[in-house]
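Remarks on the overall topology
Okay, here's what each chain looks like letter by letter:
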Amino acid sequence: MELDITGAAVYYTIHTGIPILGDLKITETLVISWLVMILITGACIWLTHDLRVENITKRQAVAELLAESITNLVRSNTGGKKFDRLIPFVAALFATSVVSNLISLLGLRSPTADLSTEAAWAVVVYIMICSTKIKTGGVGGFLIGFTQPIPLMTPFNILSDLATPVSMACRHFGNILSGIVINGLIYAGLAVASAALFGLLPGVVGDLLSQIPFLDVGIPAILSFYFDWFTGLMQAFIFTMLTIMYISNAAAE
(Lines give C-alpha, C1' and ligand atoms only; values in the text may rest on other atoms or scores of the structure.)
Protein backbone atom coordinates (compact mmCIF):
# COMPACT_ATOMS: atom_id res chain seq x y z
CA MET A 1 0.00 0.00 0.00
CA GLU A 2 1.53 3.29 -1.13
CA LEU A 3 1.16 6.48 0.92
CA ASP A 4 0.28 9.66 -0.95
CA ILE A 5 2.76 12.05 0.68
CA THR A 6 1.68 15.03 -1.44
CA GLY A 7 -1.98 14.52 -0.65
CA ALA A 8 -1.25 14.14 3.04
CA ALA A 9 0.79 17.34 3.05
CA VAL A 10 -1.97 19.30 1.31
CA TYR A 11 -4.58 17.91 3.72
CA TYR A 12 -2.41 18.85 6.73
CA THR A 13 -1.84 22.35 5.38
CA ILE A 14 -5.52 22.99 4.68
CA HIS A 15 -6.71 21.80 8.08
CA THR A 16 -3.97 23.32 10.26
CA GLY A 17 -2.84 26.34 8.29
CA ILE A 18 0.80 25.16 8.61
CA PRO A 19 2.57 24.36 5.30
CA ILE A 20 4.55 21.15 5.27
CA LEU A 21 7.49 20.12 3.11
CA GLY A 22 8.18 16.44 3.50
CA ASP A 23 8.76 15.93 7.22
CA LEU A 24 9.39 19.66 7.79
CA LYS A 25 6.56 21.84 9.11
CA ILE A 26 7.04 25.37 7.83
CA THR A 27 5.77 27.47 10.73
CA GLU A 28 5.68 31.25 11.10
CA THR A 29 8.52 31.02 13.62
CA LEU A 30 10.68 29.13 11.14
CA VAL A 31 10.06 31.57 8.31
CA ILE A 32 10.75 34.68 10.42
CA SER A 33 13.83 33.03 11.95
CA TRP A 34 15.25 32.60 8.45
CA LEU A 35 14.34 36.22 7.71
CA VAL A 36 16.25 37.29 10.84
CA MET A 37 19.32 35.32 9.71
CA ILE A 38 19.11 36.88 6.24
CA LEU A 39 18.91 40.39 7.73
CA ILE A 40 21.90 39.78 10.02
CA THR A 41 23.96 38.22 7.21
CA GLY A 42 23.13 41.12 4.91
CA ALA A 43 24.08 43.65 7.59
CA CYS A 44 27.41 41.89 8.22
CA ILE A 45 28.24 41.85 4.50
CA TRP A 46 27.33 45.52 4.18
CA LEU A 47 29.31 46.60 7.26
CA THR A 48 32.46 44.67 6.30
CA HIS A 49 32.45 45.62 2.63
CA ASP A 50 35.47 47.52 1.33
CA LEU A 51 37.55 47.46 4.53
CA ARG A 52 40.54 49.78 4.64
CA VAL A 53 43.58 50.41 6.82
CA GLU A 54 43.49 54.19 6.38
CA ASN A 55 40.71 56.67 5.66
CA ILE A 56 38.09 54.24 6.85
CA THR A 57 34.43 54.82 6.09
CA LYS A 58 31.74 55.49 8.69
CA ARG A 59 30.38 52.03 7.92
CA GLN A 60 33.72 50.44 8.78
CA ALA A 61 33.94 52.56 11.95
CA VAL A 62 30.59 51.17 13.08
CA ALA A 63 31.74 47.63 12.29
CA GLU A 64 34.95 48.11 14.27
CA LEU A 65 33.02 49.63 17.19
CA LEU A 66 30.68 46.63 17.32
CA ALA A 67 33.57 44.16 17.10
CA GLU A 68 35.52 45.96 19.81
CA SER A 69 32.46 46.18 22.08
CA ILE A 70 31.67 42.47 21.93
CA THR A 71 35.36 41.63 22.39
CA ASN A 72 35.59 43.81 25.49
CA LEU A 73 32.36 42.31 26.83
CA VAL A 74 33.71 38.77 26.61
CA ARG A 75 37.19 39.58 27.88
CA SER A 76 36.00 41.72 30.81
CA ASN A 77 33.74 38.91 32.03
CA THR A 78 36.15 36.03 31.49
CA GLY A 79 39.36 37.58 32.77
CA GLY A 80 41.34 37.98 29.58
CA LYS A 81 41.87 36.49 26.15
CA LYS A 82 41.41 32.88 27.24
CA PHE A 83 37.87 32.75 25.88
CA ASP A 84 38.34 34.73 22.68
CA ARG A 85 36.99 31.68 20.84
CA LEU A 86 33.58 32.60 22.28
CA ILE A 87 33.50 36.04 20.65
CA PRO A 88 31.97 34.97 17.27
CA PHE A 89 29.36 32.79 19.02
CA VAL A 90 28.44 35.48 21.55
CA ALA A 91 28.20 38.11 18.81
CA ALA A 92 25.94 35.87 16.70
CA LEU A 93 23.79 34.97 19.72
CA PHE A 94 23.33 38.61 20.79
CA ALA A 95 22.59 39.83 17.26
CA THR A 96 20.08 37.05 16.63
CA SER A 97 18.33 37.71 19.92
CA VAL A 98 18.16 41.49 19.39
CA VAL A 99 16.84 41.27 15.84
CA SER A 100 14.39 38.51 16.76
CA ASN A 101 13.05 40.58 19.65
CA LEU A 102 12.78 43.85 17.73
CA ILE A 103 11.37 42.44 14.49
CA SER A 104 7.94 42.71 16.12
CA LEU A 105 8.22 46.47 15.46
CA LEU A 106 7.70 45.63 11.77
CA GLY A 107 4.41 43.93 12.57
CA LEU A 108 5.88 40.42 12.46
CA ARG A 109 5.59 37.90 15.27
CA SER A 110 8.89 37.65 17.11
CA PRO A 111 10.49 34.19 16.88
CA THR A 112 11.41 34.55 20.55
CA ALA A 113 7.71 34.50 21.39
CA ASP A 114 7.97 30.77 20.60
CA LEU A 115 9.60 28.76 23.39
CA SER A 116 11.20 26.39 20.88
CA THR A 117 13.52 29.22 19.74
CA GLU A 118 14.96 29.96 23.18
CA ALA A 119 15.01 26.24 24.01
CA ALA A 120 17.23 25.59 20.98
CA TRP A 121 19.61 28.39 22.00
CA ALA A 122 19.70 27.14 25.60
CA VAL A 123 20.47 23.57 24.50
CA VAL A 124 23.39 24.80 22.40
CA VAL A 125 24.71 26.82 25.34
CA TYR A 126 24.29 23.86 27.69
CA ILE A 127 26.25 21.60 25.32
CA MET A 128 29.04 24.20 25.30
CA ILE A 129 28.98 24.32 29.12
CA CYS A 130 29.27 20.53 29.39
CA SER A 131 32.00 20.36 26.73
CA THR A 132 33.97 23.04 28.59
CA LYS A 133 33.69 21.08 31.85
CA ILE A 134 34.82 17.88 30.12
CA LYS A 135 37.69 19.70 28.41
CA THR A 136 38.80 21.13 31.76
CA GLY A 137 38.48 18.10 34.04
CA GLY A 138 37.91 15.18 31.69
CA VAL A 139 34.87 12.92 31.55
CA GLY A 140 35.66 11.51 34.97
CA GLY A 141 35.94 14.92 36.57
CA PHE A 142 32.68 15.99 34.92
CA LEU A 143 30.81 12.98 36.35
CA ILE A 144 32.46 13.21 39.78
CA GLY A 145 31.35 16.84 39.98
CA PHE A 146 27.75 15.65 40.37
CA THR A 147 28.68 13.80 43.58
CA GLN A 148 30.04 16.90 45.34
CA PRO A 149 30.08 17.66 48.22
CA ILE A 150 28.62 14.24 49.11
CA PRO A 151 27.29 11.43 46.87
CA LEU A 152 23.84 11.87 48.40
CA MET A 153 23.56 15.18 46.56
CA THR A 154 23.97 13.56 43.11
CA PRO A 155 20.27 13.64 42.08
CA PHE A 156 19.91 17.24 43.22
CA ASN A 157 23.11 18.28 41.43
CA ILE A 158 21.85 16.67 38.21
CA LEU A 159 18.51 18.48 38.49
CA SER A 160 20.30 21.74 39.23
CA ASP A 161 22.51 21.27 36.19
CA LEU A 162 19.56 20.52 33.90
CA ALA A 163 17.71 23.54 35.29
CA THR A 164 20.28 25.84 33.68
CA PRO A 165 19.00 25.64 30.08
CA VAL A 166 15.39 25.51 31.27
CA SER A 167 15.73 28.72 33.29
CA MET A 168 17.60 30.49 30.49
CA ALA A 169 14.97 29.60 27.90
CA CYS A 170 11.91 30.30 30.07
CA ARG A 171 13.24 33.66 31.35
CA HIS A 172 13.79 35.01 27.85
CA PHE A 173 10.60 33.52 26.44
CA GLY A 174 8.42 34.67 29.33
CA ASN A 175 9.52 38.30 29.13
CA ILE A 176 9.08 38.55 25.36
CA LEU A 177 5.71 36.77 25.32
CA SER A 178 4.39 38.82 28.23
CA GLY A 179 5.26 42.02 26.36
CA ILE A 180 3.34 40.81 23.30
CA VAL A 181 0.32 39.82 25.40
CA ILE A 182 0.28 43.13 27.31
CA ASN A 183 0.58 45.12 24.07
CA GLY A 184 -2.33 43.13 22.62
CA LEU A 185 -4.46 43.81 25.68
CA ILE A 186 -3.62 47.52 25.53
CA TYR A 187 -4.62 47.73 21.86
CA ALA A 188 -7.87 45.88 22.55
CA GLY A 189 -8.67 48.01 25.62
CA LEU A 190 -8.00 51.28 23.80
CA ALA A 191 -10.16 50.14 20.88
CA VAL A 192 -13.06 49.47 23.26
CA ALA A 193 -12.50 52.81 25.02
CA SER A 194 -12.38 54.63 21.67
CA ALA A 195 -15.65 53.03 20.56
CA ALA A 196 -17.35 53.91 23.87
CA LEU A 197 -16.06 57.51 23.83
CA PHE A 198 -16.96 58.41 20.26
CA GLY A 199 -20.15 56.40 20.49
CA LEU A 200 -21.45 59.12 22.80
CA LEU A 201 -21.70 61.43 19.80
CA PRO A 202 -25.22 61.53 18.41
CA GLY A 203 -26.42 60.21 15.10
CA VAL A 204 -24.51 58.86 12.15
CA VAL A 205 -21.31 60.71 13.15
CA GLY A 206 -21.10 58.81 16.42
CA ASP A 207 -21.82 55.49 14.72
CA LEU A 208 -19.10 56.14 12.14
CA LEU A 209 -16.38 57.47 14.46
CA SER A 210 -16.97 54.71 17.04
CA GLN A 211 -15.82 52.18 14.43
CA ILE A 212 -12.37 53.83 14.16
CA PRO A 213 -9.94 53.07 17.06
CA PHE A 214 -8.48 56.58 17.33
CA LEU A 215 -6.96 55.89 20.75
CA ASP A 216 -4.83 53.10 19.25
CA VAL A 217 -2.76 55.78 17.51
CA GLY A 218 0.15 57.16 19.51
CA ILE A 219 -0.48 55.81 22.99
CA PRO A 220 0.69 52.21 22.30
CA ALA A 221 3.85 53.59 20.66
CA ILE A 222 4.94 55.11 23.99
CA LEU A 223 4.42 51.82 25.82
CA SER A 224 6.11 49.96 22.96
CA PHE A 225 9.35 51.78 23.80
CA TYR A 226 9.49 49.72 27.00
CA PHE A 227 7.92 46.42 25.95
CA ASP A 228 9.66 46.20 22.57
CA TRP A 229 12.86 48.26 22.67
CA PHE A 230 13.94 48.16 26.31
CA THR A 231 12.77 44.62 27.12
CA GLY A 232 14.03 43.24 23.80
CA LEU A 233 17.52 44.69 24.23
CA MET A 234 17.69 43.84 27.93
CA GLN A 235 16.67 40.19 27.48
CA ALA A 236 19.21 39.77 24.68
CA PHE A 237 21.91 41.23 26.91
CA ILE A 238 20.93 39.04 29.90
CA PHE A 239 20.87 35.84 27.83
CA THR A 240 24.28 36.70 26.36
CA MET A 241 25.78 37.55 29.75
CA LEU A 242 24.50 34.29 31.27
CA THR A 243 26.06 32.39 28.38
CA ILE A 244 29.44 34.03 28.96
CA MET A 245 29.34 33.54 32.73
CA TYR A 246 28.17 29.91 32.65
CA ILE A 247 30.85 28.88 30.15
CA SER A 248 33.65 30.78 31.92
CA ASN A 249 32.59 29.32 35.29
CA ALA A 250 32.54 25.84 33.78
CA ALA A 251 36.23 26.21 32.90
CA ALA A 252 37.03 27.20 36.48
CA GLU A 253 35.39 24.14 38.06
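Residues numbered from 1 in each chain as written. Predicted model: local features only at pLDDT ≥ 70, side-chain atom pairs only at ≥ 80, totals over all residues. Heavy atoms only, no water.

When its secondary structure is counted, the protein shows 8 helices and 2 strands. The order of α-helices and β-strands along the protein, N terminus first, is α-β-β-α-α-α-α-α-α-α. The 253 residues of the protein split such that 30% are buried. When contacts within the protein are restricted to residue pairs at least 6 apart in sequence, those whose partners lie at least 24 apart make up 66%. By element, 73% of the accessible surface of the protein is carried by carbon and sulfur atoms, the whole surface being about 15,600 Å². (Helix = DSSP H or I, 4+ residues; strand = E, 2+ residues; numbered from the N terminus. Buried < 20%, exposed > 50% of the residue type's maximum accessible area, 1.4 Å probe, protein only. Contact = heavy atoms within 4.5 Å. Areas by Shrake-Rupley, 256 points an atom, 1.4 Å probe, with all protein chains shown as cover.)

Before going further, it helps to examine the confidence of the model for the protein. Averaged over all residues, the pLDDT of the protein is 82; the fraction at 70 or higher stands at 88%. Below pLDDT 50 for its whole length, residues 1-16 participates in 8 contacts with residues either more than four positions away or in separate chains. (pLDDT = per-residue confidence, 0-100.)

Under the defined criterion, the tally for this structure stands at 1 cavity of 30 Å³ or more. The space that makes up the largest cavity amounts to roughly 60 Å³. Elements with a minimum of two residues in the lining of the largest cavity: helix 6 (154-198) and helix 8 (219-252). Per-class residue counts for the lining of the largest cavity are 3 nonpolar, 4 polar and 1 charged. (1 Å grid on protein atoms, 1.4 Å probe; cavity = no way out; pocket = protein on both sides within 12 Å on 5 of 7 lines; lining within 4 Å. Points joined across faces, edges and corners; volume = space filled by probe spheres on them. Nonpolar A, V, L, I, M, F, W, Y, C, P; charged D, E, K, R; others polar.)

Let us look at the pattern of salt bridges. Taken as a whole and assessed by the stated rule, the structure comprises 3 salt bridges. A salt bridge links Asp50 to Arg52; the shortest N-O distance between them is 3.2 Å. Owing to a relative accessible area of 38%, Asp50 belongs among the partly exposed residues under this scheme. The salt bridge partner of Asp161 is Lys133, with a shortest N-O separation of 3.1 Å. Here Asp161, found in helix 6, pairs with Lys133, found in helix 5 (residues 115-144); they are 28 residues apart in sequence, far enough to count as distant. Exposure remark for Asp161: the relative accessible area of 11% places this residue in the buried category. (Salt bridge = Lys/Arg side-chain N within 4 Å of Asp/Glu carboxyl O.)

Okay, the environment of Ile180 next. Relative to the assigned elements, Ile180 resides in helix 6. Along the chain, Ile180 and Arg109 lie 71 residues apart, while their C-alpha atoms are 8.8 Å from each other.

Turning next to the side chain of Thr240. Relative to the assigned elements, Thr240 resides in helix 8. Residue class for Thr240 comes out buried when judged on its relative accessible area of 1%. The residues contacting Thr240, other than those within four sequence positions of it, are Leu73, Val90 and Phe94.

Let us look at the packing of aromatic side chains. Per the counting criterion, the structure on display carries 2 aromatic pairs. Consider the rings of Trp121 and Phe239, whose centres lie 5.8 Å apart with planes at 70°: the pair is edge-to-face. With Trp121 in helix 5 and Phe239 in helix 8, this pair connects stretches of sequence that are 118 residues apart. In this pair, the class of Trp121 matches that of Phe239, namely buried. Over the ring of Trp46 we find Arg59, and its NZ or CZ is 5.5 Å from the ring centre. (Phe/Tyr/Trp six-rings, centres within 6.5 Å; stacked < 30°, edge-to-face > 60°. Lys NZ or Arg CZ within 6 Å of the ring centre and 35° of its normal.)

This brings us to the layout of surface pockets. By volume, the largest pocket amounts to about 630 Å³. Cys44, Leu47, Leu66, Ala91 and Ala95 are, among the 18 residues lining the largest pocket, the residues nearest its centre. At the level of elements, helix 2 (28-47), helix 3 (58-78) and helix 4 (87-102) are the ones that each hand at least two residues to the lining of the largest pocket. For the lining of the largest pocket, the leading source of residues is helix 4, giving 7 residues. Classifying every residue of the lining of the largest pocket by side-chain character gives 16 nonpolar, 2 polar and no charged.

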